[in-house]
Each structure stands twice: as structure tokens, then as C-alpha cells.
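Residue-level listing of the chains:
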Amino acid sequence: MNQESLNLNRNSFGNPQNAGNAMSNEEALALLDEWVKNEKLKVHMLQVGHLMKKFAQSKNYPDEVQHLWYLAGLLHDADWDQWPDQHCKKIIEELESRNLDPGMIRAIASHGPRYFGVEPESEMDKMLYAFDELSGFVHAYSLMRPTGYEGMEVKGVKKRLKDKTFAAQVSREDIQDASQRAAIPVEDLIQFVITHQITALE
Ligand SMILES: [Fe+2]
Ligand SMILES: [Fe+2]
């Protein structure tokens with residue numbers, strides 16, 4: 001994938017007047033079902049949505065805010081399955097056309113700064129970027145462990161991170177970069193993912 005081609009070439013997303021506007025969980029899952037046929041990708045999006053919600057919950061944010069965090073995670077890769085060359089332009093435009101919360105849309109737009117050219121700024125932006133690669137990595141690790149998530153430890157994940165041949169498509173550079181931007185040590189992020197990751201479609 002040519003990195004340049006996914007650059008969004010803009011830095012403003014959604015309309016400030018739509019702050020707080022959310023989709024219901026049912027609407028979001030319907031969009032997911034319509035756009036995403038790949039079950040593995042669906043699991044990834046549900047996992048990231050769940051982690052985002054749990055993180056917002058750990059900060060005692062109000063339910064409406066937790067839901068926006070969840071939606072950002074749940075929908076961040078919605079267009080990747082059918083329109084990879086328009087990732088994440090297409091989902092952003094869809095959410096803008098539905099007059100949804102600009103902060104949630106911006107978080108999606110900044111989940112891959114190297115690709116989309118949008119810097120993660122808010123806490124929601126930074127956490128989506130941080131959980132995205134790490135969630136997938138920890139899940140890949142769980143699939144190769146005989147006991148899955150059971151008994152998984154941070155040090156085991158870190159060992160796999162050092163092994164460049166394991167889940168080679170996961171950028172270690174992005175994981176480090178995201179941890180620095182979020183100002184949360186990678187170890188703590190890994191522990192959070194191990195603790196809260198859902199393991200399959202629920
Ligand atoms: Fe993505
Ligand atoms: Fe993702």
C-alpha cells in the first residue's frame with residue numbers, strides 16, 4: 001500500500017455542532033455487518049471498540065462519552081474490507097454525512113498518522129492509535145498459545161514483540177510511537193489489553 005495514497009489531506013473532521021451525536025449500538029453493528037464481511041476484521045473492530053469503552057470507563061467518563069469512545073474503536077476499520085484504497089476516507093465521510101460527533105470522527109481519522117497524515121491530538125485519538133496495533137498483536141499471540149488468553153503475561157507479549165518474525169505485519173514502531181504519544185508505558189497498555197480484550201464475537 002502506497003502510504004501517500006491514503007493521506008486524507010485535511011485536519012478538520014465533522015461539524016462542531018454535532019458534538020455528542022452518536023449512533024445506537026444497533027445502528028453501528030448494522031453498518032459493520034453491511035460493510036465488513038471478513039470475520040477476523042470484525043473481531044478486531046469489536047475488540048478495539050471494547051478496549052476503548054473500557055478505557056473511558058476506567059477514567060470514569062460519563063456513559064455517553066464511553067459510547068463515543070466505543071464507536072470510534074468499533075468503526076475505525078469499517079471501510080478496510082471492501083475499500084482498502086479508500087481507508088479511512090470512506091468511513092469518515094459516512095459518519096460526517098450522518099452528522100455524528102466530530103471528536104469520534106477525528107479519532108478514526110488519526111488512527112494511523114503515518115498513513116492518513118492526521119496527528120492524534122485528543123486522548124480519544126491517542127488511545128485509539130495505541131490500542132489498534134496492540135490489540136491485534138495480543139490477539140495473534142493468544143491464537144498461538146495453547147491456553148489462549150489464560151495465563152498470558154506482559155513479559156510473554158514483550159518477548160514476541162522482540163521477535164520480528166512473529167506477526168511481522170504489526171508495526172513495532174507504531175506501538176512505541178503510540179505509547180509515547182499517550183504517555184502510557186507499553187507494558188501498561190499490554191496489561192490493559194490482556195485484562196480487557198474480548199476473545200471472540202460476543
Ligand atoms: Fe486502520
Ligand atoms: Fe485497526
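Relevant structure appears above.
What you see is a predicted model, and the numbers here were worked out from it, not measured in a lab.

Engineer: Any chance you could explain the overall build of the protein chain here in plain terms?
Structural biologist: Helix and strand counts for the protein chain come out as 10 helices and zero strands. Its helices and strands in sequence order give the protein chain the pattern α-α-α-α-α-α-α-α-α-α, from N to C terminus. Its C-alpha atoms give the protein chain a radius of gyration of 16 Å, near enough to 17 Å, the size a compact globule of 202 residues would have. For the protein chain, the spread of C-alpha atoms along the principal axes amounts to about 45 × 40 × 35 Å. Put simply, the protein chain has 202 residues, and 40% of those count as buried. A separation threshold of at least 6 residues defines the contact pool for the protein chain, and within that pool the share at least 24 residues apart is 69%.

Engineer: Help me understand the nonpolar core, please; the structure alone is not making it clear to me.
Structural biologist: Within soluble globular proteins, side chains that are nonpolar tend to cluster in buried spots. Of all hydrophobic cores here, the largest spans 50 residues; its most connected members are Met52, Trp69, Ala72, Ile108, Phe131 and Leu134. Among the elements of the structure, helix H2 (39–58), helix H3 (63–75), helix H4 (89–97), helix H5 (102–109), helix H7 (123–144), helix H9 (172–182) and helix H10 (186–196) are those that each provide at least two residues to this core. Looking at which element gives the most residues to this core, the answer is H7, with 10 residues. Every residue in contact with Trp69, bar those within four places of it in the chain, is listed here: Met52, Lys53, Phe55, Ala56 and Met124.

Engineer: Even after reading the chapter, I still don't get the environment of Met45, so can you show me in this structure?
Structural biologist: When you line up the elements, Met45 lands in helix H2. Residue classification places Met45 among the buried residues on the basis of 24 C-beta atoms within 10 Å. Once the C-alpha coordinates of Met45 and Gly136 are considered, the two residues, 91 residues apart in sequence, prove to be 9.5 Å apart. With residues up to four places along the chain from it excluded, the contact list for Met45 reads Leu32, Val36, Leu74, His76 and Asp77.

Engineer: Help me understand unusual backbone geometry in this model?
Structural biologist: With glycine set apart, most residues show a phi of negative sign, and most peptide bonds adopt trans. A cis amide bond, omega -5°, links His87 with the succeeding residue Cys88. Here Cys88 shows up in the loop between H3 and H4. Even without being glycine, Asn99 reaches a positive phi, approximately 55°. Examined against the element boundaries, Asn99 turns out to sit in the loop between H4 and H5. A residue is classified by how many C-beta atoms lie within 10 Å of it, and Asn99, with 12 of them, is exposed. One non-glycine residue, Ala183, lies in positive phi territory at about 55°. Checked against the element boundaries, Ala183 lands in the loop between H9 and H10.

Engineer: I'm lost on the packing of H3 against H5 in this one. Help?
Structural biologist: Helix packing geometry: the angle between the two helix axes and the distance between the axes. H5 packs onto H3 with a crossing angle of 35° between their chain directions and a minimal axis gap of 9 Å. In this structure, the crossing between H3 and H5 has a hand that is right-handed. Note on element contacts: H5 touches H3 through Gly103, Met104, Ala107 and Ile108, opposite Leu68, Leu71, Ala72 and Leu75.

Engineer: Even after reading the chapter, I still don't get the packing of H7 against H10, so can you show me in this structure?
Structural biologist: Here H7 crosses H10 at 60°, and the two axes come no closer than 10 Å. With respect to H10, the element H7 is oriented oblique. Relative to H10, the crossing made by H7 is right-handed. For the pair H7 and H10, contact is made by Ala130, Phe131, Leu134, Ser135 and Val138 and by Leu189, Ile190, Val193 and Ile194, respectively. Of the residues in the contact of H7 with H10, the class split is eight nonpolar, one polar and no charged.

Engineer: Explanation requested: the environment of Asp77 in the structure shown.
Structural biologist: As for its placement among the helices and strands, Asp77 is situated in the loop between H3 and H4. Distance from Asp77 to Leu128, taken between C-alpha atoms, is 11 Å for residues 51 residues apart in sequence. Every residue in contact with Asp77, bar those within four places of it in the chain, is listed here: Leu41, His44 and Met45.

Engineer: Quick question: what am I supposed to make of the environment of Gly156 here?
Structural biologist: You can see Gly156 is positioned in helix H8 (residues 154–162). With 15 C-beta atoms counted inside 10 Å, the residue Gly156 sits in the partly exposed group. Counting along the chain gives 88 residues from Gly156 to Leu68, while the straight-line C-alpha distance between them is 32 Å.

About the thresholds
- Residues numbered from 1 in each chain as written.
- Chains lettered and ligands numbered in written order.
- Predicted model: local features only at pLDDT ≥ 70, side-chain atom pairs only at ≥ 80, totals over all residues.
- Helix = DSSP H or I, 4+ residues; strand = E, 2+ residues; numbered from the N terminus.
- Rg over C-alpha atoms; globule rule 2.2 N^0.38 Å.
- Buried ≥ 20, exposed ≤ 12 C-beta atoms within 10 Å, placed from the backbone.
- Contact = placed C-beta atoms within 7 Å.
- Core = buried A, V, L, I, M, F, W, Y, C linked by C-beta atoms within 7 Å.
- Axes fitted to C-alpha atoms, helices over the stretch in contact; angles between N-to-C directions.
- Left-handed = near helix turned anticlockwise from the far one by under 90°.
- Parallel < 35°, antiparallel > 145°, perpendicular 65-115°, else oblique.
- Nonpolar A, V, L, I, M, F, W, Y, C, P; charged D, E, K, R; others polar.

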